[in-house]
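Understanding the architecture of this molecule
Next come the chains, spelled out residue by residue.
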Amino acid sequence: RQDQDPEVTLITPTAPIATPTHGGRAKCLQRLVRLDLPVPRTVALSFDTVHRIAKGAMPDIRAILDEYPAGALLCVRPSSEDPDWGGPGSVLNIGMNDALFVEFSDSIGPTAASALYKRFVTAYAIHVARLDPDVFEEIDAPGQEGLSEVLRCYEEEAEEPFPQDPAVQLAEVLRSMARAWEGTTARLLRQAKGAPMDAGLGLIVQEMALGVGDGECGSGVLQLVNSETGLPQITGRYLSQSQGREALKCERSSLFLERDPRGPSLEEQAPDAFRKLKEYAALMREKLRAEMQIEFTIENGQVHILDGVRVKRSPRAALRIALRLAEDGIISRQEALMRVEPRGLTELLHRQLDPEAERDRIGGGVAASPGAATGRIVFSSSEAQASAARGENCILVRRETSPEDVRGMHAAVAVLTERGGMTSHAAVIGRGLGLPCVVGAARMGFRHNSKRLVAEDGREFGEGDIITVDGTSGQVLAGAPKMIEAALDDAFQTFMSWADEERDIGVRANADTPADAATARNFAAQGIGLCRTEHMFFEADRITPMREMIFADSPEDRKAALARLLPMQRADFTELFRIMEGMPVCIRLFDPPLHEFLPSDRAGLRDLAEALDLPVSDVTRRVESMGEYNPMLGMRGVRLGIAVPEIYDMQARAIFEATLEASRDGAPVVPEIMLPLVSACREVELVRTRIDAVAAAVRNERGREFDYSLGVMVETPRACLRADEIAQHAHFLSFGTNDLTQMTYGLSRDDAGRFMSDYVQQGVFAEDPFHRLDSDGVGELIRIGVARGREGNGGVMLSICGEHGGDPDSIAFCRDAGIDYVSCSPFRVPVARLAAAQLAI
Ligand code: PEP
Ligand code: MG
């Protein structure tokens, strides 16, 4: 039905072309026209028009053709709102037919004319008439012979001759492109890239600048920066006598743009055109306020600008490009901050494979923790530690990892496992440590008995052989390819300092060890928001005194065990305070699910019996008596502190003594002490009384003053509901969203992995609630906790310290809920800083 003429607009400096109605390409071309750049004549079709075309209506094709000189060739290109959403491929040389072929043969020669015609027929056959691509792509005869064959094939396959009327050709191209956009596959693909359900497509019809013929003719692409590094560098290619993006496809015969020792360049071949191009590119950068990749054609020495799209860029390039645009005064600092995707920053925080490096791939799996590292293969954690002791970098290769491997992981520079996925032990620990990690490399052979690693192609590697694990791409490579260092360079630092100026929510790190604390400082965390003290006892030489303490039967035994733990804890805290140099350090008192500290197998029981000088049967009985049906809901957190108060007494003493120690040579330290898993106000009162008493005792003994603050982890639903009375006894409340999520959903955080992907796939949960805070349910409890906490204590400081603290969407929720700071794993601190800045802009 043609009841209404769909809208068709010739792009002129004054025509109103807007992105939401015509798409980004049309908008960009209009800007180029306004800048008076040599853009071929272009007509834009709006989203509505294209939608109607897909439904069967057709705009007045003659009117479109009348915009162009008779005999002009045209091309049609897609113009979606965001170029990343893709779209149907461009079709070039529309209008070409037998009659024009004769004319072109006279003007530019039969070979060039044949190439134009053949290209059009091939594209039309495949994309418009939907004929078998193999038939056409196989025709490689050059010149007129190739053309005749393409035309003959078309007629044979389509059972009609190739259409000669330019109006028919153009209408059919428009129709096929409009319909391709509305197809289900295309829609799913773009939705995966963030396009909305009803994303529209505009089309532009542009007069061809030919790129073939007499004089210097050709086409190419140019940009002023390197897409990987973001540093200024003229990149792109040019190919004489070519169209479209052929220059990129034919690397060997194409030219460099700028003079280059590796081969001939456009600068040498056509210096004037090159100079003009550079000028145009610089103008586009300034006026379009972005680094653009320019598609251009040279026709008999004259430059035409066909199109511009934002350059593709790695996260590191995105940061540098945005920074330089702001430094050059082209965009504001705020805009620069908005242009970098926070999650992409993780890639900058690790060493990466040089994108130019040669890769000798021997296998692959899930890219579980970003960054790349090279080292010698080891097959066990003890070998990893031995290797680290010798100062040799090693890659820990395991079927899968378990808590016993944590020390081996610390000693290795990367981890490779046969089994596992994104949330397997190796993946989670790897990300926490910032350790490159590839898991689930099931197509490689892991022969632990014979100490061989078999590549996917059958090559064998033994202990000591050098391999590289690329946790960013999931590849495993032989040897030591070239790397680029983590990009914590000046550009990164400056950019992040801009972010810090904008944000209005604090960012601290969860850090348990001196190494974590150093990383946190390096990434400019504003303190430690959660130090899980039980994690300080995972090391082999420490787990025994911890077990003795848990095991002690009599008050005397327990006292003795605690006396051994005290100096260790004091030294730990002193070091943390020193590293953090006066910044806040929030120490959480023990929250061990007890079973994690008890031996689980015979060998472990024997070791423990030896250490305690008890018969194995005694130890076994006691371990059994301490067993809990549901340890995550058992004698955990503050419950342990109430049942066995001497434990928290010891920790409080260690904290206070360390406070005095660290304040001796630096700014006075004000420790924050936090109680885990609180559900009742009385728990806080009881523990607080004892801690105050310990503080008084230490002040007395040492004759020195110090301050401290006491806070409560809000990680049970009841604590949220009773936050008003709890806050009356606390200086701060920190929402432990891991446990709070577990308890709100009644979902075991350790077992949810088994069905989580089914749940997410079937849309039961939009997202794993352990990764992205559930703002509806868990969020409502937090909002209640915030409101009631402030009611009970107007000055109470509020934070979150669960895994969600590093997730940009969860940070948005926290800011909205009025939380003062988030605390996340050290490697996510920069992500959180940028995400927080973007929220404030
Ligand atoms: C939490 O529950 O959110 C939390 C931070 O504590 P943990 O993960 O140690 O239980
Ligand atoms: Mg918790």
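Residues numbered from 1 in each chain as written. Chains lettered and ligands numbered in written order. Predicted model: local features only at pLDDT ≥ 70, side-chain atom pairs only at ≥ 80, totals over all residues.

Attention now goes to the domain arrangement of the protein chain. By convention, interface size is frequently given as the accessible area that disappears when the constituent parts associate. If you check the domain split of the protein chain, you get domain 1 (8-207), domain 2 (218-313), domain 3 (351-484) and domain 4 (503-592 + 636-840). Using C-alpha coordinates to define each centre, domain 1 is positioned 48 Å away from domain 3. (Domains from an automatic or database assignment.)

Moving on to the packing of helix α6 (residues 110-128) against helix α8 (residues 143-158). Viewed as axis vectors pointing N to C, α6 and α8 meet at an angle of 25 degrees, and their least axial separation amounts to 8 Å. Considering the angle they form, α6 stands roughly parallel to α8. In this structure, α6 crosses over α8, and the sense of that crossing is left-handed. Here α6 contributes P110, T111, S114, Y117, K118, V121, T122 and A125 to the contact with α8, which in turn contributes G143, Q144, G146, L147, V150, L151 and Y154. Residue composition of the contact of α6 with α8, by class: eight nonpolar, six polar and one charged. (Axes fitted to C-alpha atoms, helices over the stretch in contact; angles between N-to-C directions. Helix = DSSP H or I, 4+ residues; strand = E, 2+ residues; numbered from the N terminus. Parallel < 35°, antiparallel > 145°, perpendicular 65-115°, else oblique. Left-handed = near helix turned anticlockwise from the far one by under 90°. Contact = placed C-beta atoms within 7 Å. Nonpolar A, V, L, I, M, F, W, Y, C, P; charged D, E, K, R; others polar.)

Here strand β20 (residues 466-470) lies mainly inside the structure; four of its five residues are buried. As paired strands, strand β13 (residues 372-378) and β20 are joined by five bridges and run antiparallel to one another. Residue pairing in the sheet places A373 in a bridge with V469 of β20. Across four bridges, β20 lies against strand β21 (residues 475-478) in antiparallel orientation. In the strand pairing of β21, T468 is matched with L477. Where β20 hands over to β21, the hairpin turn is made up of four residues, of which G474 adopts a positive phi near 85 degrees. (Buried ≥ 20, exposed ≤ 12 C-beta atoms within 10 Å, placed from the backbone. Pairing = 2+ DSSP bridges.)

With that out of the way, let us pick up the site of ligand 1. Around ligand 1 sit L530, R532, D591, E715, G736, T737, N738, D739, C801 and G802, and those are all the residues in its vicinity. Sorting the residues of the shell around ligand 1 by element identifies β24 (528-532) and α30 (737-745) as the ones contributing at least two each. Here the shell around ligand 1 gets three residues from one element, more than from any other, and that element is α30. (Near = placed C-beta within 6 Å.)

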